[in-house]
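What follows is each chain in one-letter form.
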Amino acid sequence: MAKIGVFLADGFEEIEGLTVVDILRRAGVEVITVSIMGRKEIQGAHAITVLADALYEEVAFEELDGVVLPGGMPGTKYLGAHEGVKKQIVAFEAAGKLVAAICAAPSVLGENGILKGKKAACYPGFEEKLLGAEVTYEEVAEAGNVITSRGMGTAIPFALRLTAYLTSEQKAEELKKGIIYQQ
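What counts, and at which threshold
- Along each chain, residues carry numbers from 1 onward, in the same order as the chain's sequence is written.
- It should be noted that, the model being predicted, local features are given only for residues of pLDDT at least 70 and side-chain atom pairs only at 80 or more, the latter also being counted only at that level, while totals for whole chains, interfaces and linings use all residues.
- Hydrogens are left out, water is left out, and the side-chain values use all remaining heavy atoms of the structure.
- To qualify as a helix, a DSSP run of H or I must reach at least 4 residues; to qualify as a strand, a run of E must reach at least 2; elements of each kind are numbered from the N terminus.
- Radius of gyration: over C-alpha atoms. The globule rule applied is 2.2 Å multiplied by the number of residues raised to the 0.38 power.
- Contact between two residues is taken to exist if any of their heavy atoms lie within 4.5 Å; hydrogens are not considered.
- Only the protein chains shown count as cover for residues, and the accessible areas themselves come from Shrake-Rupley with a 1.4 Å probe.
- Only four residue types enter the charge count, namely Lys and Arg as positive and Asp and Glu as negative; His and the chain termini do not.
- The atom standing in for a charge is NZ when the residue is Lys, CZ when it is Arg, CG when it is Asp and CD when it is Glu.
- Stacked, edge-to-face and tilted labels apply to pairs of Phe, Tyr and Trp rings (six-membered ring for Trp) whose centres lie within 6.5 Å, assigned for plane angles under 30 degrees, over 60, and everything in between, in that order.
- Accessible area is worked out with a 1.4 Å probe on protein chains only. A residue is then buried under 20% of its type maximum, exposed over 50%, and partly exposed in between.
- Whenever a nitrogen or oxygen atom comes within 3.5 Å of another N or O atom, the pair is scored as a polar contact, on the condition that within protein one atom can donate a hydrogen and the other can accept it, and that pairs from neighbouring residues in sequence are kept only if both atoms are in side chains.
- For this document, the term salt bridge refers to a Lys or Arg side-chain nitrogen within 4 Å of an Asp or Glu carboxyl oxygen.
- For two strands to be treated as a pair, DSSP must find at least two bridges joining them.
- Angles run from 0 to 180 degrees between N-to-C directions of axes, and those axes are lines fitted to C-alpha atoms, restricted for helices to the stretch in contact.
- A cavity here means a set of points on a 1 Å grid, drawn over the protein atoms and nothing else, where a 1.4 Å probe fits but cannot get out; a pocket is an open set with protein on both sides within 12 Å along at least five of seven lines, and a residue lines either one if it has an atom within 4 Å of a point.
- Grid points are joined across faces, edges and corners, and a volume is the space filled by probe spheres set on the points.
- Residue type decides the class: Asp, Glu, Lys and Arg count as charged, Ala, Val, Leu, Ile, Met, Phe, Trp, Tyr, Cys and Pro as nonpolar, and the leftover types, Gly among them, as polar.

Chemist: Sorry, what's going on with the overall build of the chain here?
Modeler: Broken down by element type, the chain carries six helices and 11 strands. Scaling as 2.2 N^0.38, a compact globule of 183 residues should have a C-alpha radius of gyration of about 16 Å, and the chain matches this with 15 Å. Considering only contacts in the chain between residues 6 or more positions apart, those separated by 24 or more positions represent 63%. Accessible area of the chain: about 7900 Å², with a carbon and sulfur share of 51%. Positive and negative side-chain charges in the chain, numbering 18 and 25 respectively, have mean positions lying 2 Å apart.

Structure representation (structure tokens):
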């Protein structure tokens, strides 16, 4: 069974973070929500409080198969400023492990050199921060072990793409039917 971490920071976009957690758990992926705020209670961009599974300092990142960065503001700014997040995304990409981001969060990947020569998508207005990327306006962009997406409205296709990547296309299709997602 695959195991991933979803980074959470105050101001994260709730739908982008929690849709990924929900769909991947339905697929049988072990998901750990990881607070980078030094406390487990995280307040989303729309004042929804979420209790993270673990603090950054408690996570054995070497045991994870991937990490996901949800967007939202100021959550994305917190992710981009966190030395641990930067260290992990660079290490995961170099090791060929999944690095995924949605909305404004692909900018964190771009600012850390992860998108060079790769196709990437983001929320409109963040394109210039996808340093070295081939910017695309598709719902979800997949470039090897790096998967990016555009925003709240693409959270389900993003989560289904992560499901296919971590499990199988068949499992993603089963979930798509089970949640009555029609594209």
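Following the structure, the description resumes.
Chemist: It is not clear to me how the packing of aromatic side chains should be interpreted in this structure. Could you clarify?
Modeler: The geometry of an aromatic ring pair comes down to the distance between the two centres and the angle between the two planes. Counted under the stated rule, the structure contains three aromatic pairs. Note on phenylalanine 7 and tyrosine 56: the rings are 6.4 Å apart at their centroids and 25 degrees apart in plane angle, and the pair reads as stacked. Of this pair, phenylalanine 7 sits in strand β1 (residues 3-8) while tyrosine 56 sits in the loop between β5 (54-55) and β6 (66-69), placing them 49 residues apart in sequence. The same class applies to phenylalanine 7 as to tyrosine 56, namely buried. Between tyrosine 56 and phenylalanine 61 the ring centres are 4.8 Å apart and the planes differ by 40 degrees, which places this aromatic pair in the tilted class. Taking the relative accessible area as the measure of exposure, tyrosine 56 reaches 13% and is therefore buried. Taken together, the ring pairs connect Phe7, Tyr56 and Phe61 into an aromatic cluster.

Chemist: Just to check I follow, could you spell out the side chain of histidine 82 for this structure?
Modeler: Take histidine 82: it is sitting in the loop between α2 (75-81) and α3 (83-94). For histidine 82, the side chain forms a polar contact with the main-chain nitrogen of valine 85, separated by 3.0 Å. Not counting the four nearest positions on each side in its chain, histidine 82 is found in contact with Ile36 and Tyr56.

Chemist: How should I be thinking about the pattern of salt bridges in this particular structure?
Modeler: Pairing between side chains becomes possible if they bear opposite charge and their charged atoms approach one another. Inspection of the entire model under this criterion finds 11 salt bridges. The residue arginine 39 makes a salt bridge to aspartate 10 at a minimum N-O spacing of 2.5 Å. Within this pair, whereas arginine 39 is found in the loop between β2 (30-35) and β3 (41-43), its partner aspartate 10 is found in the loop between β1 and α1 (14-26), the two being separated by 29 residues in sequence.

Chemist: Could you clarify how one ought to interpret the sheet that holds strand β11 (residues 146-149) in this entry?
Modeler: Hydrogen bonds along the backbone pair up the strands of a sheet, which may run parallel or antiparallel. Reading across the sheet, the seven strands line up as β5-β2-β1-β6-β7-β11-β10 and stay open at both edges, with mixed pairing between neighbours. Strand pairing shows two members of the sheet lacking a second neighbour, β5 and β10 (140-143), which therefore form its edges. The pairing of β2 with β5 spans two bridges and is classified as parallel. Pairing of valine 34 across the sheet is with alanine 54, part of β5. Where α3 meets the sheet, it contacts β1, β6, β7 (98-102) and β11, and its direction lies at approximately 130 degrees from that of β6.

Chemist: Help me understand the layout of surface pockets in this model?
Modeler: A water-sized probe rolled over the atoms picks out the places where empty space is left. The volume enclosed by the largest pocket comes to roughly 190 Å³. Of all elements in the fold, only α5 (155-166) and α6 (169-178) reach the threshold of two or more residues within the lining of the largest pocket. In terms of residue class, the lining of the largest pocket is built from six nonpolar, one polar and five charged.

Chemist: Can you walk me through the side chain of glutamine 88 in this structure?
Modeler: Tracing the sequence through the fold places glutamine 88 in helix α3. Take glutamine 88: its relative accessible area is 9%, and that puts it in the buried class. What glutamine 88 contacts, discounting residues up to four positions off in sequence, is Phe7, Tyr56 and Phe61.

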